[in-house]
Amino acid sequence: MAGKRLIVKVAGVGLLAGLVGGGVSYGVGNAIVTHQQNAATKVPSGSNKSGGTKINKNEDTKSNQSTEAYNAVKGAVVSVINKQASSSDDNDILSMFGADSDSSSSSSSSLQTASEGSGVIYKKSGNAAYIVTNNHVVSGASALQVIMSNGKKVQAELVGTDSTTDLAVLKISAANVTTVAKFGNSNSIKAGQDVLAIGSPMGSEYANTVTKGIISAPKRTISASSSNSGTNTTVIQTDAAINAGNSGGPLVNMAGQVIGINSMKLASDSQGTSVEGMGFSIPSNEVVRVINQLVANGKITRPSLGIEMIDLSNVDGQDQQDILKLPKSITKGVVVMKTQSGSAADQAGIQKYDVITKINNKKVNDGGDLKTQLYKYKVGDTIKLTLYRQGKQQTVSVKLTQSASADSSSSSNNQ
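Residues numbered from 1 in each chain as written. Predicted model: local features only at pLDDT ≥ 70, side-chain atom pairs only at ≥ 80, totals over all residues. Heavy atoms only, no water.

- In the nomenclature of an unreviewed UniProt entry, the chain is known as Trypsin-like peptidase domain-containing protein of Limosilactobacillus allomucosae.

Concerning the overall build of the chain
Here comes step 1: Looking only at helices and strands, the chain features 8 helices and 22 strands.
Here comes step 2: The proportion of buried residues among the 415 residues of the chain is 40%.
Here comes step 3: Within the chain, residue pairs in contact and separated by at least 24 positions form 64% of the contacts whose partners lie at least 6 positions apart. (Helix = DSSP H or I, 4+ residues; strand = E, 2+ residues; numbered from the N terminus. Buried < 20%, exposed > 50% of the residue type's maximum accessible area, 1.4 Å probe, protein only. Contact = heavy atoms within 4.5 Å.)

Re empty space enclosed by the protein
To locate leftover empty space, one rolls a probe as large as a water molecule over the atoms.
Here comes step 1: Throughout the structure, instances matching the rule amount to 1 cavity of 30 Å³ or more.
Here comes step 2: Counted as a void, the largest cavity has a volume near 40 Å³.
Here comes step 3: The wall of the largest cavity is formed by Val-77, Val-78, Ser-79, Ile-147, Met-148, Ser-149, Ser-200, Ala-207 and Asn-208.
Here comes step 4: The element that contributes the greatest number of residues to the lining of the largest cavity is strand β3 (residues 77-89), accounting for 3 residues.
Here comes step 5: Classifying every residue of the lining of the largest cavity by side-chain character gives 5 nonpolar, 4 polar and no charged. (1 Å grid on protein atoms, 1.4 Å probe; cavity = no way out; pocket = protein on both sides within 12 Å on 5 of 7 lines; lining within 4 Å. Points joined across faces, edges and corners; volume = space filled by probe spheres on them. Nonpolar A, V, L, I, M, F, W, Y, C, P; charged D, E, K, R; others polar.)

Some remarks on the pairing of strand β5 (residues 128-133)
Here comes step 1: Within β5, 6 of the 6 residues are buried, which leaves the element mostly enclosed by the surrounding structure.
Here comes step 2: Judged by which residues are buried, β5 turns out to be covered on both faces: Ala-128, Tyr-130 and Val-132 on one side and Ala-129, Ile-131 and Thr-133 on the other are all buried.
Here comes step 3: As defined by bridge partners, β5 adjoins strand β8 (residues 167-173) across 6 bridges and the pair is classed as antiparallel. Looking at the pairing, Thr-133 lines up with Ala-168 of β8. (Pairing = 2+ DSSP bridges.)

Some details on the environment of Glu-308
Here comes step 1: Structurally, Glu-308 is set in strand β16 (residues 307-311).
Here comes step 2: Accessibility expressed as a relative area gives 29% for Glu-308, which makes it partly exposed.
Here comes step 3: Taking C-alpha positions, Glu-308 is 5.4 Å from Met-337, a pair spaced 29 residues apart along the chain.

Concerning unusual backbone geometry
Here comes step 1: Even without a glycine there, the phi angle at Met-202 is positive, about 65 degrees.
Here comes step 2: Within the secondary structure layout, Met-202 lies in the loop between β9 (194-199) and β10 (209-223).
Here comes step 3: Judged by relative accessible area, Met-202 falls into the exposed class, the value being 60%.
Here comes step 4: In this structure, Asn-360 is a non-glycine residue whose phi angle is positive, near 50 degrees.
Here comes step 5: With respect to the helices, strands and loops of the structure, Asn-360 is situated in the loop between β18 (355-359) and β19 (362-363).

A short note on the pattern of salt bridges
Here comes step 1: Applying the stated criterion across every chain yields a total of 4 salt bridges.
Here comes step 2: Between Lys-212 and Asp-194 there is a salt bridge, with the nearest N and O atoms lying 3.9 Å from each other. Placement of Lys-212 in strand β10 and of Asp-194 in strand β9 is noted, with a sequence separation of 18 residues between them. (Salt bridge = Lys/Arg side-chain N within 4 Å of Asp/Glu carboxyl O.)

A short note on the side chain of Thr-386
Here comes step 1: Looking at the secondary structure, you find Thr-386 in strand β20 (residues 382-389).
Here comes step 2: If we ignore the near neighbours within four places in the chain, the residues touching Thr-386 are Val-355, Ile-356, Thr-357, Lys-358, Gln-393, Gln-394 and Thr-395.

Focus: the layout of surface pockets
Here comes step 1: Counted as a void, the largest pocket has a volume near 460 Å³.
Here comes step 2: Thr-233, Thr-234, Glu-286, Arg-289 and Thr-372 are the residues nearest the centre of the largest pocket, which is lined by 19 residues in total.
Here comes step 3: When contributions to the lining of the largest pocket are tallied by element, the ones reaching two or more residues are β10, β11 (232-238), β14 (279-283) and α5 (284-297).

See below:
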């Protein structure tokens, strides 16, 4: 084979290879390929007139399900403006320019926008229309203004608020209302179901913004406060984008029904790690129950035991044995520290150091659980408490009385 040359065919071009078994040298075939490659990367010369284009007929002419759901409710979604008093000293301003001022008008007060949120019109009755939003959207307001979906600004009146569920109801004139949202059954929703979040993220400048996601969890229990004894709340978890300003806006299913009121998002965990796609909405069934009471009474009346309590988990293990006399198997519950005179607990004979572990056979792990279970009942209902007194389990019947706090914002160690 020494001295012979090998002809190799590549893409129809003859390449003259070197001696077999030795180094390879490229001939005219390689030069042709290199020329073709250079020509392919070189900008062509000539006229650019043939580089124009045109608009083609839109082949996606039908509205999809998301668009139809959005169109069904968007006219009912509003921006809610919280206005608060802002005082200024006219003397200070005028003195900057060397002018005198009348001391009788030295100070003035004006209303300025303190915060913005969202809301949804759910009822039109006569010349009035009603809006549900979050309590934290309207908290501290000296006046409230609503911006309709068409941009028209109207004044709003506060009907009632509930800090426990973070809900509020406003009333406006029905003259400009053309769309009213309908509530769907939040007990029927499922994980993975498509949903829309509508509102004014970052304020009314971005009103009627719609985002799409799914229901991540139809029922997620979270604490409504930073305290472990804060009321536990059952909410809908979604990955639809919810940002500041979305609060009070609706979470909508693909039928255009409101299944939740957007209330909060998780931005980071306890270690400060950033979190995405974790928003929470108050379920529509809870919303309807609360807003109907707010419209009827202006407040929510909740039952109370009339006790001061601490979580059993906060009691030293040795004290659990020596003072409370608890069996080692009992590690969760609430410890009664005091009963209010004449309260439901007092009348039922509940004593200091009783450890409550169940309400009507539902476990009570901490103060949050106790409130969550208790708020399922009405004033006047009779419940059964399972408790341990000096190490012995007992069942006590308690007829519930009204909470001393009209808005249920009682301190975490009282119930």
